[in-house]
Amino acid sequence: MPPLPENLAARLWLSRRSAGGADATGHASAKSMSFGSVESIVRNRVRMFLRHTWLVTVLGTVVLAGTVTAGIYYGTKATEIRIAAGPTGSANAKFVEVLRGLVAESHSRFSRLEVRLVPTVDADASSQALVDRKADLAIVPTHVGKSPDWPVVAILRQNVMALIVPAPAAAPAPPAPAPAATPAAPAKKPAKPAKTAKPEKPAKTAKTKTGKTAKTTKTAAKDDDADDDSDDDSAKDSTKDKDSLKVTQLAGKRIGIVTGNEATTDLLKIALSHYGVPLDKVQVAQIDPKNLADAVQQGGVDVIFVAGAATGKAISDAVAAATRNGVAPTFVEIDQADGIAKRNPAFDKAEIDAGTFGGSPPTPDDKLTTLSFAEYLVARKGFSRASVTELAKVIYTSRLTIAAQMGGEVKIEAPSTDKDADALVHPGALDYLNDEQKTFFDRYGDDIFYGLLIFPVFGSAIAGLAGFLRADSRTRRLRHLQRVLDLVRKAHAAQTLEAIEQLQVEADNLVIAIIHLSEHEEFDESVRMSFSFALDQLRFAIAARRTAILDHAAGTTAAGAAAEPAGTKAAAA
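Analysis parameters
- Residues numbered from 1 in each chain as written.
- Predicted model: local features only at pLDDT ≥ 70, side-chain atom pairs only at ≥ 80, totals over all residues.
- Heavy atoms only, no water.
- Helix = DSSP H or I, 4+ residues; strand = E, 2+ residues; numbered from the N terminus.
- Buried < 20%, exposed > 50% of the residue type's maximum accessible area, 1.4 Å probe, protein only.
- Contact = heavy atoms within 4.5 Å.
- Areas by Shrake-Rupley, 256 points an atom, 1.4 Å probe, with all protein chains shown as cover.
- Axes fitted to C-alpha atoms, helices over the stretch in contact; angles between N-to-C directions.
- Parallel < 35°, antiparallel > 145°, perpendicular 65-115°, else oblique.
- Nonpolar A, V, L, I, M, F, W, Y, C, P; charged D, E, K, R; others polar.
- Pairing = 2+ DSSP bridges.
- Polar contact = N/O pair within 3.5 Å; in protein donor to acceptor, adjacent residues only side chain to side chain.
- Salt bridge = Lys/Arg side-chain N within 4 Å of Asp/Glu carboxyl O.
- Expected span 1.5 Å × (residues − 1).

**Things to note about the overall build of the protein chain**
Move 1: Within the protein chain, the regular secondary structure consists of 20 helices and ten strands.
Move 2: The proportion of buried residues among the 573 residues of the protein chain is 32%.
Move 3: Partitioning the intrachain contacts of the protein chain with sequence separation of at least 6 by distance along the chain shows that 77% fall at a separation of at least 24.
Move 4: As displayed, the protein chain has an accessible area near 35200 Å², and 58% of this comes from carbon and sulfur atoms.

**Here we look at the packing of helix 5 (residues 91–105) against helix 15 (residues 385–397)**
Move 1: At a minimum axis separation of 10 Å, helix 5 and helix 15 run at an interaxial angle of 105°. Taken together, the axes of helix 5 and helix 15 lie roughly perpendicular to each other. The segment helix 5 lies against helix 15, with Leu 99, Leu 102 and Val 103 engaging Leu 391, Val 394 and Ile 395.
Move 2: Partitioned by chemical class, the residues of the contact of helix 5 with helix 15 number six nonpolar, no polar and no charged.

**A look at the pairing of strand 4 (residues 152–165)**
Here is the key point about a regular strand: its side chains alternate between the two faces of the sheet.
Move 1: Extensive coverage of strand 4 is indicated by the burial of 13 of its 14 residues.
Move 2: With seven bridges connecting them, strand 4 and strand 10 (residues 368–379) associate as antiparallel partners. Of the residues in strand 10, the one forming a bridge with Gln 158 is Ala 374.
Move 3: Pairing between strand 4 and strand 8 (residues 330–331): two bridges, direction antiparallel. Paired with Val 165 across the two strands is Thr 330, which belongs to strand 8.

**Details of the side chain of Arg 380**
Move 1: Following the sequence through the fold, Arg 380 ends up in the loop between strand 10 and helix 15.
Move 2: A relative accessible area of 12% means that Arg 380 is categorised as buried.
Move 3: A polar atom in the side chain of Arg 380 sits 2.8 Å from the side chain of Asp 136.

**Quick notes on the pattern of salt bridges**
Move 1: With the rule as written, the count across this model stands at 14 salt bridges.
Move 2: Where Glu 80 meets Arg 116, a salt bridge forms, and the shortest distance between an N and an O atom there is 3.1 Å. With Glu 80 in strand 1 (residues 79–84) and Arg 116 in strand 2 (residues 113–118), this residue pair connects regions lying 36 residues apart in the sequence.
Move 3: Note on Glu 80: relative accessible area 38%, which makes it partly exposed.
Move 4: Judged by relative accessible area, Arg 116 falls into the partly exposed class, the value being 35%.
Move 5: The residue Lys 349 makes a salt bridge to Glu 351 at a minimum N-O spacing of 3.4 Å.
Move 6: For Lys 349, a relative accessible area of 33% gives the class partly exposed.
Move 7: When salt bridges that share partners are traced, they join Arg 82, Asp 136 and Arg 380 into one network.

**Some details on helix 15**
Move 1: The terminal C-alpha atoms of helix 15 lie 18 Å apart, and with 13 residues this matches the ideal 18 Å at 1.5 Å per residue to within 8%.
Move 2: Among the residues of helix 15, those classed as buried are Ser 387, Val 388, Thr 389, Glu 390, Leu 391, Ala 392, Val 394, Ile 395 and Tyr 396.

Below is the structure:
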């Protein structure tokens, strides 16, 4: 029978010795199959796997390629920007949709961004979504929530407040009486004496005689005409002031707030309270834009309240609904807008030029003083600076396109970058506005530099750990070797066969541990020679001591047997 391979023979011998040890002691087998043995077997499998160089190379290449691919994917993955912008269908929601399309079109030129609309009920809900981190950016007016504290990315438009008084309904024409046509004829006859009386002839003769007197008369007549015109204008202004409604006169009126725009009850309260008109003194009703014309025709409202862009659809539709029989509506002027703006920095005074609201006839017919407030695109302070920079780049480079698609609803402006500005500008938007956009190396250059400094430290740490592990393995080898030498001394001092058998079990377990250690750490020739010499000494010591004990026991038995016949003979004698 050919000899078994060295490793297989060693394993077979170890299994038999382990079984034998279990029989001898009753619990040595459990020690031989301890957790250390299982760990050594696993380590051996790993070492066998690492010996397949090509397989390890292929798997390492696959892992490296997968790591690089994952890094590129997550490094170039599009950043999603969630923008809270009011109800679906509103001007702000439409702006987000337009912006999303522009961002998608500029994907190849700018960084990878994705804009997603987060619909909300109103501006208050949009600000709350920003607080709750359900949105990254939000479109809110300056008077809502914490908009002064949130960094501004862009000013989308300047909203104006409009209090519109619908045109009065046309009064029914009374029927003309039949006899009214008869006295019309004699009415023309008394006018003839006025035509025949011409006492002005001497003035003309005076002109031919004295031209200076005629010139004086003509100048006086011209001055009289001018005075008449000024009197007519002042009378017209006084009539207009008399007919127009004042804010202080809104108490008891029915005010319809048009929904779907920036007009709110809180905004109306700000204007009324400044003039001393409590909100509970007016009848407030929310009116859908679709039902506004019917409400005006039925006389359901006295004043219409709407807010938004001066050239936007909300105010234009409200003006059209308030126009009756070709008569344009009038407006309640907020003549103390300067005072309100000084008391509340969120507002400013606005002068609306004639015809800005459109309509037929054009409205307003003269300059209108009212309140204005900005509509901000704000972001969370902790949101990505680089993403805001790229988004600001898309917004400001495409603002003409956005304005054209929004139909007068948006007029994008850049916030003031001065240190004493009213609004805080987002650092990302500030980078774009100040032409301080950072390149890849500007952003990550410091990280790369410090990484190059830190990686060698980690390498040294790993090398130190490997050296420590090698030193630890050397310590384990010396510990096993010392244990073998200790067993040799115990074998020489053993007095009974039971002690020798116990030493044999310990020696077998130690051999198993040494073989497992050799499979894990690849002993060199000197280490193997040391263990081989020590194990041979242990084996010889155990065998010699067992022989000595057996010989001593046999000699003692023989001496006792020899002494017994001698005693018998002595007794007989």
